[in-house]
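# Fold and contact review
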Amino acid sequence: MEKKVIYSAVQPTSQLTLGNYLGAVNNWLKIQDDEQNDCIFAVADLHSLTIRRAPEEVESRTLSLLAQFLAFGLDEKKNVIYVQSHVAAHTRLAWILNCYTYVGEMARMTQFKDKSAKHADNVNMGLMDYPVLMAADILLYDTNLVPVGVDQLQHLEITRDIAIRFNNIYGETFKVPEALLGRAGAKIMSLSDPLAKMSKSDPNPMGRINVLDSEADIVKKFKRAVTDSEAVIAYDPEKKPGVSNLLTILAAVEGVTPEQAAAECEGMMYGHLKLRVADAVAAMLKPVRENYAALMGDKAYLLDMARRGAEKAAARADKTLARASKAVGLLVD
Ligand code: TRP
């Protein structure tokens, strides 16, 4: 039976959060262990250039994200793990796809509109072209499934539109990918504002747990988590968003339902509940922190690993690029 290609990429902008860990990373670890899956994980460094950053920061965050991937337990023997800019086919296919994508479509993208408002002094072409490069990422590997959050769904839709449009003109060239939507339940909210999602870009650092936070920081942040004044532990996201978020986190770490976590903690003081959740999270992230520190101490290993990954990725991507190039009439040798 043919394996399913599952493609994921993350921008090297900031550390992943506990929300990413319990939502996305846990799922990656599961899918990499299924023999039916052929998983590809990329560090989308080219995408990260759309927002102006210091070169040292781009470099260090790229290495850091590679190390985080491995520290979580992603295995280069089971998956292809690489850095986007190391595989030249991405930008080359993006150029071809640009010629089959309309300016109007890109101008309408929600993320483009949000980011251009937020970075009004730097509305560069890359920001507008972002979804086309993302389409190239996905289409190069004959991807079947792309695990996405709702914020990236529109980009996946446009990827499908571009692929279908191209195939209609030139015949079957690209596999049309589908979204692999995350399972509901593990949506983690901000600790300081439990009505907002825990986000990498939350300006309030107390609201999010970063996967590499020290144990002391984890405890400090949970201690200050916003709850309510009822002093009753119950899972009720509407009436008790703060307490319910703590229970959701505990449940996700322990692999039980939030209702079971609530029953387990019934009668506890809020302070006690917070410490209980903080301890569970700190224990879960401890090996990640330790692996990460060891990996970051060995830059040569990380670069080597990235090179091996890029070789495997390029061998596959180049075939698709040749197919697309030939389809439009470029001379392919
Ligand atoms: N745009 C994605 C994000 O910000 C990152 C990304 C780049 C991506 N290329 C991709 C995700 C291809 C999935 C598939 O999260």
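One structure accompanies this document, and this report is about it.

Each value, and the rule that gives it
Residues numbered from 1 in each chain as written. Predicted model: local features only at pLDDT ≥ 70, side-chain atom pairs only at ≥ 80, totals over all residues. Heavy atoms only, no water. Buried < 20%, exposed > 50% of the residue type's maximum accessible area, 1.4 Å probe, protein only. Helix = DSSP H or I, 4+ residues; strand = E, 2+ residues; numbered from the N terminus. Right-handed = clockwise from strand over helix to strand, strands pointing away. Phe/Tyr/Trp six-rings, centres within 6.5 Å; stacked < 30°, edge-to-face > 60°. Expected span 1.5 Å × (residues − 1). Bend = angle between axes of the 7 residues up to and from the residue. Contact = heavy atoms within 4.5 Å. Polar contact = N/O pair within 3.5 Å; in protein donor to acceptor, adjacent residues only side chain to side chain. Pairing = 2+ DSSP bridges. 1 Å grid on protein atoms, 1.4 Å probe; cavity = no way out; pocket = protein on both sides within 12 Å on 5 of 7 lines; lining within 4 Å. Points joined across faces, edges and corners; volume = space filled by probe spheres on them. Nonpolar A, V, L, I, M, F, W, Y, C, P; charged D, E, K, R; others polar. Near = heavy atom within 4 Å. Areas by Shrake-Rupley, 256 points an atom, 1.4 Å probe, with all protein chains shown as cover.

Turning to the pairing of strand β4 (residues 145-148), a few remarks are in order. On any regular strand, side chains alternate: one points to one face of the sheet, the next to the other face. On β4, burial covers both faces: Leu145 and Pro147 on one face and Val146 and Val148 on the other are all buried. Between the parallel pair β4 and strand β5 (residues 178-181), the chain is carried across by helix α8 (residues 153-170), and the sense of this crossover is right-handed.

Across all of its chains, the model carries 10 aromatic pairs by this definition. Look at Tyr100 and Phe166: their rings are 5.3 Å apart centre to centre, the planes differ by 70 degrees, and that puts the pair in the edge-to-face class. Taken together, the residues span a long stretch of sequence, with Tyr100 in the loop between α4 (89-98) and α5 (103-107) and Phe166 in helix α8 at a distance of 66 residues. Accessibility classification places Tyr100 together with Phe166 in one group, the buried group.

We now examine helix α1 (residues 18-32). Helix length check: α1, at 15 residues, gives a terminal C-alpha distance of 20 Å against a target of 21 Å (1.5 Å per residue), a fit within 8%. At Ala24, α1 shows its maximal bend, which comes to roughly 35 degrees. Listed in full, the buried residues belonging to α1 are Leu18, Gly19, Tyr21, Leu22, Val25, Asn27, Trp28, Leu29, Ile31 and Gln32. Among the structural elements, β1 (4-10), β2 (37-43), α3 (55-72), α9 (215-223), α10 (241-254) and α12 (270-296) are those in contact with the buried residues of α1. Where α1 begins, the side chain of Thr17 points an oxygen toward the backbone nitrogen of Gly19, at a separation of 3.1 Å.

Time to look at the pairing of β5. Note: β4 against β5, four bridges, orientation parallel. Residue pairing for β5: Pro147 is matched across the bridge by Leu180.

Tallying each qualifying case throughout the model produces one cavity of 30 Å³ or more. Here the largest cavity is characterised by a volume of approximately 40 Å³. Around the largest cavity, the lining residues are Met109, Gln111, Phe112, Lys115, Leu127, Tyr130, Pro131 and His155. Breaking the lining of the largest cavity down by element, the ones donating at least two residues are α6 (110-118) and α7 (125-139). Class assignment of the residues belonging to the lining of the largest cavity gives a composition of five nonpolar, two polar and one charged.

What follows is about the site of the ligand. Taken together, Tyr7, Ala9, Gln11, Ala44, His47, Tyr130, Met134, Asp137, Ile138, Val146 and Gln152 make up all the residues around the ligand. Separating a nitrogen atom of the ligand from a side-chain N or O atom of Gln152 is a distance of 3.1 Å. Contact with the protein chains covers 88% of the free accessible surface of the ligand, which is 360 Å². Contributions of two or more residues to the shell around the ligand are made by β1 and α7. Sort the elements by how many residues they give to the shell around the ligand and α7 lands first, with four residues.

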